[in-house]
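# Results of the structural survey
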Amino acid sequence: MQGVDALYGDSHVLHGISFEVGAGRVLALLGRNGAGKTTCMSAIIGFLPPRKGAIRLFGEPIAGLAPERIARKGVGFVPQGRRIFPTLTVRENLRVSERRSASSVWNLARVFELFPQLEERAEQVAGSLSGGEQQMLAIARALMGNPRVLLMDEPSEGLAPLIVAEVGRTIARLKDEGQSILLVEQNVRLALELADEVVILNTGRVAFTGSAGEARGNEALITQHLGVF
Ligand SMILES: Nc1ncnc2c1ncn2[C@@H]1O[C@H](COP(=O)(O)OP(=O)(O)OP(=O)(O)O)[C@@H](O)[C@H]1O
Ligand SMILES: [Mg+2]
């Protein structure tokens, strides 16, 4: 995205935000509560069209298109708080999100290979899964849409440390498979481990753009904009 401004009514939340997720790269978008991370995602997926600026998907402008069209062009989204369909089974949750094209990589069999626990629970209603399993399902569901870029909003939120590590390993595997990922995280350590590039937001503005290595080595930066390391 380039020079993006976004507003909720009169409330001006994003100010001239620019960043780019490279093909096959992981960009971590960090910032304190209320910094504007979710709003950036809403702008990309078309829930909150930007007032100013451009959003491009591999060069093609997508700002202002309807959310379904943006999704069909290959933007996958794992929302904050998961939002799976609790009364549908695991299999049904995955089936409703299936989108195939000539370049499809993901299907039910491959998703079950990545998440064996989901296959074991395929016929169980999703609302009865543990928090960690629900997060895996939310990721699996987004993959079923065969996204060209995958947006994940705080996938580690509210999960026990062991499960957080598992989510981390999953993201690392997706990265190994060449998946482009925009990762929003409050877990700074996890994000810096996984990311290639880092963007830090502070009250709706970009405070830092650089490599993950650069951010890792700059404790003062992390402390200033994100609190504890
Ligand atoms: N629907 C809305 N209407 C009005 N203001 C909103 C709305 N959603 C978010 N905001 C405001 O926009 C700002 C950015 O919110 P946003 O949800 O993008 O933050 P965030 O970085 O995702 O925070 P968190 O880490 O808590 O999820 C906040 O000040 C928030 O109060
Ligand atoms: Mg948020």
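For the structure, check the block above.
Since this is a predicted model, take the numbers as computed values, not measurements.

This part takes up the site of ligand 1. Near ligand 1 lie 13 residues; those nearest to it are Asn33, Lys37, Thr38, Thr39 and Gln186. Contact distances for ligand 1 include 3.5 Å between a nitrogen atom and a side-chain N or O atom of tyrosine 8. Take glycine 36: an N or O atom from its main chain is 3.0 Å from an oxygen atom of ligand 1. Look at ligand 1: alone it shows 640 Å² of surface, and the protein chains cover 59% of it. By residue number, the principal contributor to the shell around ligand 1 is helix α1 (residues 37-45), which donates 3 residues. Of the residues contributing to the shell around ligand 1, the split by class is 3 nonpolar, 7 polar and 3 charged.

So, on to unusual backbone geometry. The backbone of arginine 83 shows a phi angle near 50 degrees, a positive value even though the residue is not glycine. Within the secondary structure, arginine 83 sits in the loop between β7 (75-78) and α3 (90-95). A relative accessible area of 58% places arginine 83 in the exposed class. You will see that threonine 203, though not glycine, has its phi angle at about 40 degrees, which is positive. Here threonine 203 lies in the loop between β10 (197-202) and β11 (205-211). What makes threonine 203 exposed here is its relative accessible area of 57%.

This part covers the coordination of the magnesium ion (ligand 2). Distances from the magnesium ion (ligand 2) to its protein donors, Thr38 (OG1) and Gln80 (OE1), fall at 2.0 to 2.5 Å. With threonine 38 in helix α1 and glutamine 80 in the loop between β7 and α3, the pair connects residues that are 42 residues apart, well separated along the chain. Accessibility expressed as a relative area gives 32% for threonine 38, which makes it partly exposed. Given a relative accessible area of 24%, glutamine 80 falls into the partly exposed group.

Now for the side chain of serine 180. Relative to the helices and strands, serine 180 resides in strand β9 (residues 180-184). Residue class for serine 180 comes out buried when judged on its relative accessible area of 4%. At 2.8 Å, the side chain of serine 180 and the backbone nitrogen of glycine 24 are in polar contact. Not counting residues within four places of it along the chain, the set of residues in contact with serine 180 comprises Val21, Gly22, Ala23, Gly24, Arg25, Phe58, Arg148, Val149 and Leu150.

For the rest of this paragraph, the subject is the nonpolar core. The biggest cluster of nonpolar side chains holds 48 residues, and the ones touching the most others in it are Leu30, Leu94, Phe115, Leu143 and Val198. If one sorts the elements of this core by residue count, helix α6 (residues 131-144) sits on top with 8 residues. Once residues lying within four places of it in the same chain are set aside, the contact partners of valine 198 are Ala28, Leu30, Leu192, Phe208, Thr209, Gly210, Ser211, Ala212 and Ala215. Counting 28 residues, the second largest nonpolar core, distinct from the first, contains Phe19, Leu29, Ala35 and Ile70.

What counts and what doesn't
- Residues numbered from 1 in each chain as written.
- Chains lettered and ligands numbered in written order.
- Predicted model: local features only at pLDDT ≥ 70, side-chain atom pairs only at ≥ 80, totals over all residues.
- Heavy atoms only, no water.
- Near = heavy atom within 4 Å.
- Polar contact = N/O pair within 3.5 Å; in protein donor to acceptor, adjacent residues only side chain to side chain.
- Areas by Shrake-Rupley, 256 points an atom, 1.4 Å probe, with all protein chains shown as cover.
- Helix = DSSP H or I, 4+ residues; strand = E, 2+ residues; numbered from the N terminus.
- Nonpolar A, V, L, I, M, F, W, Y, C, P; charged D, E, K, R; others polar.
- Buried < 20%, exposed > 50% of the residue type's maximum accessible area, 1.4 Å probe, protein only.
- Donors = N, O, S within 2.8 Å, 3.2 Å for Na, K, Ca; no water.
- Contact = heavy atoms within 4.5 Å.
- Core = buried A, V, L, I, M, F, W, Y, C linked by side-chain atoms within 4.5 Å.

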